[in-house]
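Each chain, written out:
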Amino acid sequence: VHPDSRDEAGNAQAIITEVNFTVTKAGLSGQLLAATIEHETPALEEQKTALLREEESLKAQLFECEQALLKELSEATGNILENKALLESLTQTKTKSATIADKLAESTKLQISLDRDRNAYLPLAESAAQIFFVISDLSKVNHMYQFSLAAFLKLFQTALETKNDGHSPELRIKLLRSSLQTLTSTYVCRSLFKADRLMFAMHIAHGMHPEQFEPKEWELFCGTLVADKADPNQRRKESVIQIQTSGPTWVPADRAIALDMLLSTFAGLPQQLSIRDNNVWQDWVRSPRCEMEFPS
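Presented here is an overview of the structure given in this document.

Each value, and the rule that gives it
- Residues numbered from 1 in each chain as written.
- Predicted model: local features only at pLDDT ≥ 70, side-chain atom pairs only at ≥ 80, totals over all residues.
- Heavy atoms only, no water.
- Phe/Tyr/Trp six-rings, centres within 6.5 Å; stacked < 30°, edge-to-face > 60°.
- Helix = DSSP H or I, 4+ residues; strand = E, 2+ residues; numbered from the N terminus.
- Buried < 20%, exposed > 50% of the residue type's maximum accessible area, 1.4 Å probe, protein only.
- Polar contact = N/O pair within 3.5 Å; in protein donor to acceptor, adjacent residues only side chain to side chain.
- Core = buried A, V, L, I, M, F, W, Y, C linked by side-chain atoms within 4.5 Å.
- Contact = heavy atoms within 4.5 Å.
- Expected span 1.5 Å × (residues − 1).

Quick notes on the packing of aromatic side chains
Per the counting criterion, the structure on display carries 10 aromatic pairs. Both rings, one in Phe132 and one in Phe133, keep their centres 5.5 Å apart while their planes meet at 80°; by these two values the pair is edge-to-face. When the centroid spacing of 5.2 Å and the interplanar angle of 85° are considered together, the rings of Trp281 and Trp284 count as edge-to-face. A residue pair is termed a helical-turn pair when its members lie 3 or 4 positions apart in one helix, as Trp281 and Trp284 do in helix α13 (residues 278-286) at 3 residues. Just as Trp281 is buried, Trp284 falls in that class too.

In structure tokens form, the structure reads like this:
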């Protein structure tokens, strides 16, 4: 490679953002849906492919008719209305175009019907795509945690091999989704340090089932929740004063702001956990193994 060409490539990369459309969520969902249909109902996928091929052929024929019509009109001489050969050619072209248009309309209706059948497996494809992006996020924790799309596609194909006992499409999708989650979790956990495995379990639970978490719950425990714009030191003083005046008294002063954020985020928590009952929490907060000795 000539040095000048390398410099030009470097200059171009400085001002161009490269976007890999093969790993967008929508693109991956479509790819996984095609793989699922090909495995579960191959005849449906073949029919879809043949229909698309026929539709493209019809569109090409319609374009050729339009071009031929324009060419004949541009090359016509004299009075067009008296040119019988031209009028016959125009009539034939119009008839052929109408026939092609009707076939395209029928093809569109059939394609809608096929898409309805294919979309029965769309929830599985979307769920699988979500799993891939969940595990891709692990690279933010450690650069060693990078998983290729090719490896994930092999996992997906393995999941599709799960035995089918004649279940309905809904039950089949549920079974395949569970199988894929199990395979992915096992595969990924083998690549993680032991200290990060619990983190990954929580991460995939949140990524696949965000509806199971209360508003702001994930942000609070990840430390990304912004309570307000007040000065942190001032907020800490206010939290300490609030704890000292209205309890609970078992809370250390250096944890007052953390408890204040917890209680302000989850209004029902104090009553559910008896937060203000010193007898319940006093021994726990003094325990050297507090993470193992939660109150019953």
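From this point, the discussion proceeds with the structure in view.
With respect to the side chain of Ser287
If you trace the backbone, Ser287 turns up in the segment after α13. Side-chain polar atoms of Ser287 contact the backbone nitrogen of Arg289, separated by 3.1 Å.

Structural notes on the nonpolar core
Membership of the largest hydrophobic core comes to 33 residues, with the highest contact counts inside it found for Leu32, Phe152 and Phe156. Listed by contribution, the elements that provide at least two residues to this core are α2 (25-40), α3 (42-75), α5 (122-136), α6 (149-160), α7 (169-189) and α8 (194-208). Looking at this core, the element that brings in the most residues is α5, giving 8 residues. Setting aside anything within four residues of it in sequence, one finds Phe156 in contact with Leu32, Ala35, Thr36, Leu124, Ala128 and Leu180. The next biggest cluster of nonpolar side chains, apart from the first, holds 7 residues, and it includes Val251, Leu259, Ile275 and Trp284.

A look at the side chain of His203
Among the secondary structure elements, His203 is positioned in helix α8. Under the relative-accessibility criterion, His203 is labelled buried at 18%. From its side chain, His203 meets the backbone oxygen of Val134 in a polar contact 2.9 Å long. Among residues more than four places away in sequence, those in contact with His203 are Val134, Asp137, Leu138 and Trp218.

Considering α3
For α3, spanning 34 residues, the distance from its first C-alpha to its last is 50 Å, which sits close to the expected 50 Å at 1.5 Å a residue. Every buried residue belonging to α3 is among Leu44, Glu45, Lys48, Leu51, Glu55, Leu58 and Cys65, and all of these are buried.

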